[in-house]
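Remarks on the overall topology
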Amino acid sequence: MPTADTLSAPTPTRQKAIVEAHGISKQFGELEVLTNIDFSLAPSEVVCVIGPSGSGKSTLLRCLAFLEPYDHGSVYIDGQLLGYEDRSGKRVRTSEKRVDEVRAPVGMVFQHFHLWPHRTALENVTEALRLVNGLSRRDADVDGMAMLEQVGLADRAGHFPESLSGGQKQRVAIARALAMKPRVMFFDEPTSALDPELVGEVLDVMKKLAADGMTMVIVTHEMGFAAKVADRVIFMDQGRVVESGPPSTLFRQPKSERLQQFLNTWRERHID
Amino acid sequence: MFEILLNHYPVLLKGLTTTLVVSLSAIALGLVLGVLLAFGLTSRYRLVRWPCGLYRSFWRGTPILLQLLLVYYLLPEIGIEIAPIHAAILTLTLNTTAFQAEIFRSGISHIPAGQIEAARMAGISAWQTRRRIIMPQVFRLTLPPLTNEIITILKNSSLISVIAVTELMRVSEQIASRTFQPLETYLAAALLYLAVNLVLARISAYLERRMVGGLATE
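The name an unreviewed UniProt entry assigns to chain B is Amino acid ABC transporter permease, from the organism Vreelandella neptunia. Turning to chain B, the UniProt record has this under Sequence similarities (unreviewed entry): "Belongs to the binding-protein-dependent transport system permease family. HisMQ subfamily."

This is how it looks when you write it as structure tokens:
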């Protein structure tokens, strides 16, 4: 039950963290999918979360965005508790509006893109600019075109999602998230639903973002990408963080047996 | 049959007008209320879902003729005087609200949850998400069953003759008993109902063709 947990302010870390989680747990019915996870993300840091399917990595990301309410522990975005509040000593869910406020700095990209099919590429990008930021259609279109430009799709502005390739859809989805000027971007397996030859164009956009200093959390199966782009890699298994560290150490000298095994399986599949 | 149409067209047209006024009012009101009831049926709060489900079950599960008589006789009992035509509009509205809500509910359930999550992550409020992301797609998805419901209400409006509203059906009965030509008269009435419904079906088909963009998939 999501009650009676610590509500104290987050302990200050080295740099002021944008996202910070303390001891979060999550159960789906009887199944514990996350167990006591601590997480901290500094500005401009790129963290990749890897692990076998069912390890809880997507659930972790969804809890950090409060798309799944976590049961125990706390998540702070920019120092503000996400999803819960203290009401006379009891922990209760906040309003949807408050959730929106606290996670406003977070942009999210999904495995299955989730573009709105009745809106053109440009309208997908400008929708929130108009509804949330109150921009006029003209101003929103200018901003939106700049975003599409950034992901190399200005020439597809008037296309509906059904006529875009998977890679193009995902790039529109990235532009849509970027339009709201997020301070941190969450990617939930952004290339897992793509044909192999379309993975590159999406990863290229993400590399560019990382190089520009965007703070990112990326749940991914792309080990090569993680090795090149991540500042830190987190390996999860069975709802726990097994090991984490810079990619050079994590991939070259994995300490835990579970990670060694995971990496070996991966190598066997990709190098043969 | 054409003789009947020619000789009695002023009354027939008046009856048809009443039929159209009653049914189209009910359909339009039912559209607004139906959307709201569909939101109620899909609410995450059981306390909202439950009474909405009860309402839906009652109006969908009892005959429309009985509903008409209930409204017509019940309202005066609780001190509300109401003209037959208003009682008719009220009943048809309450009835079609339940059916339209059920149509919209099924449409809403076909929108992938991820699209809603994407909207919420972009900061779009729950209400705006319904208005701008969910409902435009739901109207496209549900246009065929919605057209069906509109036609059903138009035909069911013939039942309101029992509470003495002089719509097309009742006018036809009057002409039939006056002219002793029931078959011709009712054929003429059938022709008028059919004409209106064909026009409605054409409008619906036109709207379906005109829609641009894709639909929710997955």
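Right, picking up where we left off after that structure.
**Describing the overall build of chain A**
Each helix and strand counted, chain A has nine helices and twelve strands in total. Relative to the globule expectation of 19 Å for 272 residues, the C-alpha radius of gyration of chain A, 19 Å, shows essentially globular dimensions. When the backbone C-alpha atoms are referred to their principal axes, chain A occupies close to 60 × 50 × 35 Å. Here chain A, with 272 residues, has 56% of them falling under the buried criterion. Contacts in chain A between residues far apart in sequence, at least 24 positions, make up 64% of those at least 6 positions apart. Surface accessibility of chain A: about 12,200 Å² in total, with carbon and sulfur atoms responsible for 49%. Separation between the mean location of the 32 positive side-chain charges and that of the 36 negative ones in chain A comes to 2 Å.

**Concerning the packing of aromatic side chains**
Under the definition given, this model contains nine aromatic pairs over all chains. Ring centres of Tyr70 of chain A and Tyr84 of chain A lie 5.1 Å apart, and the angle between their planes is 70°; this geometry places the pair in the edge-to-face category. Placement of Tyr70 of chain A in the loop between helix H1 (57-64) and strand S4 (72-77) and of Tyr84 of chain A in strand S6 (residues 84-87) is noted, with a sequence separation of 14 residues between them. For the residue pair Tyr70 of chain A and Tyr84 of chain A, the accessibility class agrees, reading buried in each case. Members of the aromatic cluster, connected to one another through ring pairs, are Phe66, Tyr70 and Tyr84 of chain A. In this structure, Arg91 of chain A is placed above the aromatic ring of Tyr84 of chain A, and the distance from its NZ or CZ to the ring centre is 4.0 Å. Its end group placed over the ring of Phe39 of chain B, Arg130 of chain B keeps NZ or CZ at 4.9 Å from the ring centre.

**Describing the interface of chain B and chain A**
Counting residues at the interface gives 26 residues for chain B and 26 residues for chain A. Both sides together, the interface formed by chain B and chain A hides about 2,300 Å², and carbon and sulfur atoms give 57% of it. When the buried area of chain B at its contact with chain A is split by residue, Arg120, Met121 and Arg132 of chain B rank highest and sum to 30% of it. The interface formed by chain B and chain A includes five salt bridges. For Arg120 of chain B, the salt bridge is made with Asp100 of chain A, and the minimal N-O distance between the two is 3.1 Å. Inspection of the region where chain B meets chain A yields nine residue pairs in polar contact (both at pLDDT 80 or more). Looking at the side of chain B that touches chain A, the elements that each hand over two or more residues are helix H5 (113-121) and helix H6 (126-156) of chain B. Considering each element in turn, the side of chain B that touches chain A owes the most residues, eight residues, to H6 of chain B. Here the side of chain B that touches chain A is composed, by residue class, of eleven nonpolar, eight polar and seven charged.

**Some words on the UniProt feature "domain: ABC transmembrane type-1" (unreviewed entry) in chain B**
What UniProt calls "domain: ABC transmembrane type-1" (unreviewed entry) maps, in this numbering, to residues 16-204 of chain B. Segment residues 16-204 of chain B splits into 83% helix and 0% strand. End C-alpha atoms: 21 Å apart.

**Side note on the pattern of salt bridges**
All names here are of chain A. What the rule picks out here adds up to 19 salt bridges over all chains. Salt-bridge contacts for Asp155 lead to Arg156; the nearest nitrogen and oxygen are separated by 3.1 Å. Accessibility expressed as a relative area gives 54% for Asp155, which makes it exposed. With relative accessibility at 25%, the residue Arg156 sits in the partly exposed group. In this structure, the salt-bridge partner of Lys207 is Asp204, at a minimum N-O distance of 3.9 Å. Here Asp204 and Lys207 lie together in helix H6 (residues 196-211), a separation of three residues that amounts to about one turn.

Rules behind the numbers
- Residues numbered from 1 in each chain as written.
- Chains lettered and ligands numbered in written order.
- Predicted model: local features only at pLDDT ≥ 70, side-chain atom pairs only at ≥ 80, totals over all residues.
- Heavy atoms only, no water.
- UniProt positions renumbered as here; feature names shortened; annotations may be inferred.
- Helix = DSSP H or I, 4+ residues; strand = E, 2+ residues; numbered from the N terminus.
- Rg over C-alpha atoms; globule rule 2.2 N^0.38 Å.
- Buried < 20%, exposed > 50% of the residue type's maximum accessible area, 1.4 Å probe, protein only.
- Contact = heavy atoms within 4.5 Å.
- Areas by Shrake-Rupley, 256 points an atom, 1.4 Å probe, with all protein chains shown as cover.
- Lys, Arg positive; Asp, Glu negative; His and termini not counted.
- Charge placed at Lys NZ, Arg CZ, Asp CG, Glu CD.
- Phe/Tyr/Trp six-rings, centres within 6.5 Å; stacked < 30°, edge-to-face > 60°.
- Lys NZ or Arg CZ within 6 Å of the ring centre and 35° of its normal.
- Buried area = accessible area lost by both parts, 1.4 Å probe.
- Salt bridge = Lys/Arg side-chain N within 4 Å of Asp/Glu carboxyl O.
- Polar contact = N/O pair within 3.5 Å; in protein donor to acceptor, adjacent residues only side chain to side chain.
- Nonpolar A, V, L, I, M, F, W, Y, C, P; charged D, E, K, R; others polar.

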